2 protein chains.
Amino acid sequence: MGVRVASSWSFTRRAFLALTVLLFGVPGAYAQQDPLPSWNNGPAKKAILAFVKATTEKSSPNYVEPNDRIATFDQDGTLWTEHPIYAQATFALTRLRAMAPQHPEWKEQLPFRAILDGDREAISKFSERDWLEIVAVTHAGMNTDQFQALVKQWLATAKAPRFDRPYTDLVYQPMLEVLHYLRQNGFRTYIVTGGGQEFVRVYSQKIYGVPPEQVIGSSIVTKYQNTNGQPELLREPKVFFIDDGPGKAVGINLFIGKRPQAAFGNSGGDQEMLQWTQAGNGPRLMMLVHHDDAIREYAYGPAGGLPDTHVGTFSDDLLALAKTNGWIVISMKDDWKRIFPFDK
Amino acid sequence: MGVRVASSWSFTRRAFLALTVLLFGVPGAYAQQDPLPSWNNGPAKKAILAFVKATTEKSSPNYVEPNDRIATFDQDGTLWTEHPIYAQATFALTRLRAMAPQHPEWKEQLPFRAILDGDREAISKFSERDWLEIVAVTHAGMNTDQFQALVKQWLATAKAPRFDRPYTDLVYQPMLEVLHYLRQNGFRTYIVTGGGQEFVRVYSQKIYGVPPEQVIGSSIVTKYQNTNGQPELLREPKVFFIDDGPGKAVGINLFIGKRPQAAFGNSGGDQEMLQWTQAGNGPRLMMLVHHDDAIREYAYGPAGGLPDTHVGTFSDDLLALAKTNGWIVISMKDDWKRIFPFDK
């Protein structure tokens, strides 16, 4: 503003430089910047960089048009910590305990009694039907706005075990870098989670940079109701869609209608998503996060250590399938310099 | 390429002009260009222009962030011709007739017999259950790729009655302009149709500039199957989701998770979508296309003329509701200079 253009020559030069930057960017500066600074230089990092190069360089024989660049990510255990219990399950249990005084009958009634008694062993053995009953009483019977408000309130106060931090702190810094790097290269990044779609949508934009319309998850039935000109969507205690296992391939087709070029998971519940992704033409990137770092996070699955009580586990079968199919297993211990954004 | 830069001065001047254009565009040129040239200067056109101004000008008290700009459009009767019968219904009937030689039992069986006999009166009285049976045999029993191929093939050869042109020619030029104008102003445009989601996705990008992931529609169940390492999604003869009436509000929340600022429809099946849209804060645009042009297209609904045999009709009740709520009724006769892109 206070700078005067001293001469025609200097103006020309500055205009030319400005033009160059506007038209071509600053290739040198970008090339030198590592887009994945929290990744060690191993096969996993190399595979990600090679995949982006192969699909986005115009000269590549496998160039993918920007409109078709899709990458899908499981959430629990892939983007944030899932051990010892999913965040959303903790939300459900907390809410159930808060509701208990209004429901004295729960003291005599399974699965509720186990939760109120803090019976961890019984909880770890809950069937899908048990969890559905819990979801029915804690996630339904209200409208969509009320549910979102409950989730927001819980996220603001709840602390994850061991780390004593908000759950949304426990996202994996290396995966945030992958999300960002793919988006910078024209990919649309989707979360494809077995967890609740409306639950994850509350924080997905803020935490992952993924907008609500790019969150695909499990859902319950909602019902439109218009009372005195005030429309609302009521959440009903009835399952609508289970976005897990084969449901992830179904959900991707239902919500996107395009096949991803890249898919990231960490358990058997992600197997079909990776298979569906791989079945397309051209280069595809399939990766599985392996929790083998007991010191910085948790070790379970093939790495042994903690028992893996989750529905979708990283079994030895999954490891064998990964080898057969050329899926890349990410070792948290070896591939990641940092686990969480708060790590030094 | 053959042009030499003659002097430092001329280079400076050209660089400066290039910079100006890059940085600021050519405001004069754009301001003079009418974004809706096929619309007459009536209340409908004015409402669209005022809405875009109110939601996208930074200085507006009702400015909407680009990420939240959502506009939803019904398809049949709103974006293209639906009379005398939905394009997709014709696809189903054509396919059913082609399959008939392999199904001699259909000759004795309703609803199939009515179609094979060409019994228009019986067809016009089909119940929802009848249509579901027709959809089951014509849209299911194949995988998603096979279904898309069938739709493509049909679109390439089928001709719409009266106009004797491909169905995809019968899109409304003024609505194409609205779609384009909203997108140019940062809105994401979604199709929210009672028709089949996978059917519309086949041509939505090419015809409307709307990508598959922004098409929300009715759907049948798909099942993931992996045979010898070849995964596919099989279409089953079972309804999964009916995206019509209250289902449009449910579908918008399910697929987008955001409330639209603008919604366009033409029948009772769009009523809840418009109510759901209007219930948000700030300026909202709700519009209904009224088919009152028997000369250039068809006249039905309150304009009388042809009987409206569709499931979702533009009834007198809907007209009254539009008046009460301030929804704008688009008169095809008065508001549109051109109906189809091929009109002079």
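This text follows the structure it describes.
Rules of the game
- Residues numbered from 1 in each chain as written.
- Chains lettered and ligands numbered in written order.
- Predicted model: local features only at pLDDT ≥ 70, side-chain atom pairs only at ≥ 80, totals over all residues.
- Heavy atoms only, no water.
- Pairing = 2+ DSSP bridges.
- Helix = DSSP H or I, 4+ residues; strand = E, 2+ residues; numbered from the N terminus.
- Contact = heavy atoms within 4.5 Å.
- Axes fitted to C-alpha atoms, helices over the stretch in contact; angles between N-to-C directions.
- Salt bridge = Lys/Arg side-chain N within 4 Å of Asp/Glu carboxyl O.
- 1 Å grid on protein atoms, 1.4 Å probe; cavity = no way out; pocket = protein on both sides within 12 Å on 5 of 7 lines; lining within 4 Å.
- Points joined across faces, edges and corners; volume = space filled by probe spheres on them.
- Nonpolar A, V, L, I, M, F, W, Y, C, P; charged D, E, K, R; others polar.
- Buried < 20%, exposed > 50% of the residue type's maximum accessible area, 1.4 Å probe, protein only.
- Phe/Tyr/Trp six-rings, centres within 6.5 Å; stacked < 30°, edge-to-face > 60°.
- Lys NZ or Arg CZ within 6 Å of the ring centre and 35° of its normal.
- Polar contact = N/O pair within 3.5 Å; in protein donor to acceptor, adjacent residues only side chain to side chain.

**Thoughts on the sheet that holds strand β4 (residues 215–227) of chain B**
Residues and elements named next belong to chain B.
No. 1: Strands sit in the order β2-β5-β4-β3-β1-β6-β7-β8 across an open sheet of 8 strands; the sheet is mixed. Strand pairing shows two members of the sheet lacking a second neighbour, β2 (142–143) and β8 (328–331), which therefore form its edges.
No. 2: As judged from the 4 bridges shared by strand β6 (residues 262–265) and strand β7 (residues 285–290), these two strands associate in the parallel manner. Across the sheet, Gly-265 pairs through a bridge with Leu-288, a residue of β7.
No. 3: On top of the sheet, helix α3 (residues 43–56) reaches β6, β7 and β8; it is set at about 155 degrees to β7, its chief contact.

**Observations regarding the pattern of salt bridges**
No. 1: Going through the model one piece at a time under the given rule, you end up with 20 salt bridges over all chains.
No. 2: Residue Glu213(A) is joined to Arg188(B) by a salt bridge in which the shortest nitrogen-to-oxygen separation is 2.4 Å. Residue Glu213(A) is located in the loop between α11 (204–208) and β4 (215–227), and its partner Arg188(B) is located in strand β3 (residues 188–196); the two belong to separate chains.
No. 3: Salt bridges sharing common partners tie together Asp68(A), Arg188(A), Lys258(A) and Glu213(B).

**As for the sheet that holds strand β6 (residues 262–265) of chain A**
Residue and element names in this part refer to chain A.
No. 1: Strand order in this open sheet of 8 strands is β2-β5-β4-β3-β1-β6-β7-β8, and the pairing throughout is mixed. Both outer strands of the open sheet, β2 (142–143) and β8 (328–331), are each paired with one neighbouring strand and no more.
No. 2: In the sheet, strand β7 (residues 285–290) pairs with β8 via 4 bridges, with the strands oriented parallel. Its bridge partner lying in β8, Val-289 is registered against Ile-330.

**Re empty space enclosed by the protein**
Residue and element names in this part refer to chain B.
No. 1: Taken as a whole, this structure holds 5 cavities of 30 Å³ or more when the rule is applied.
No. 2: Roughly 60 Å³ of internal volume is contained in the largest cavity.
No. 3: Lining the largest cavity, in full, are Thr-81, His-83, Pro-84, Ile-85, Tyr-86, Ala-87, Ala-160, Pro-161, Tyr-167, Leu-170 and Tyr-298.
No. 4: Here the lining of the largest cavity is composed, by residue class, of 9 nonpolar, 2 polar and no charged.

**Some points on helix α12 (residues 246–255) of chain A**
No. 1: A large share of α12(A) lies buried, amounting to 9 of its 10 residues.
No. 2: Backbone geometry just downstream of α12(A) places Gly257(A) in the positive-phi region, at approximately 75 degrees.

**Some remarks on the packing of aromatic side chains**
The description of two aromatic rings rests on the distance between their centres and on the angle between their planes.
No. 1: Scanning the model with the defined rule gives 42 aromatic pairs over all chains in all.
No. 2: Considering the side-chain rings of Phe73(A) and Phe264(A), the 4.4 Å spacing of their centres and the 0 degrees angle between planes classify their relative orientation as stacked. A residue pair is termed long-range when its members are at least 10 positions apart, and Phe73(A) in strand β1 (residues 70–73) and Phe264(A) in strand β6 qualify at 191 residues.
No. 3: Judged by centre distance (5.9 Å) and plane angle (85 degrees), the ring pair of Phe199(B) and Tyr203(B) falls under edge-to-face.
No. 4: Taken together through their ring pairs, the aromatic side chains of Trp80(A), Phe91(A), Phe147(A), Trp154(A), Tyr167(A), Phe199(A), Tyr203(A) and Tyr208(A) make up a single cluster.
No. 5: Its guanidinium or amino end placed over the ring of Phe342(A), Arg165(A) lies 3.7 Å from that ring's centre, counting from NZ or CZ.
No. 6: Taking the ring centre of Phe147(A) as reference, the NZ or CZ of Arg235(A) above it sits at 3.8 Å.

**Topic: the environment of Arg69(A)**
All names here are of chain A.
No. 1: Mapped onto the secondary structure, Arg-69 falls in the loop between α3 (43–56) and β1.
No. 2: Sequence-wise, Arg-69 and Thr-55 are 14 residues apart; in three dimensions their C-alpha atoms are separated by 8.4 Å.
No. 3: Leave out the neighbours within four places in its chain, and Arg-69 touches Thr-55, Thr-56, Tyr-63, Val-64, Asn-185, Gly-186, Phe-187, Arg-188 and Gln-261.
No. 4: At a separation of 2.8 Å, a polar atom in the side chain of Arg-69 contacts the main-chain carbonyl oxygen of Val-64.

**A few points about the side chain of Asn266(A)**
No. 1: Along the chain, the position of Asn266(A) falls in the loop between β6 and α13 (271–278).
No. 2: Setting aside its immediate chain neighbours within four residues, Asn266(A) contacts Asp74(A), Asp76(A), Gly77(A), Thr78(A), Glu82(A), Leu288(A), Val289(A), His291(A), Tyr300(A) and Phe314(A).

**Considering unusual backbone geometry**
All names here are of chain B.
No. 1: Look at the link from His-83 to Pro-84: it is a cis peptide, with omega at 0 degrees.
No. 2: Residue placement: Pro-84 occurs in the loop between β1 (70–73) and α4 (87–99).
No. 3: Look at the link from Leu-110 to Pro-111: it is a cis peptide, with omega at 5 degrees.
No. 4: Structurally, the position occupied by Pro-111 is in the loop between α4 and α5 (112–116).
No. 5: Despite not being glycine, Arg-162 shows a phi value in the positive range, around 70 degrees.
No. 6: Overall, the relative accessible area of 47% leaves Arg-162 in the partly exposed class.

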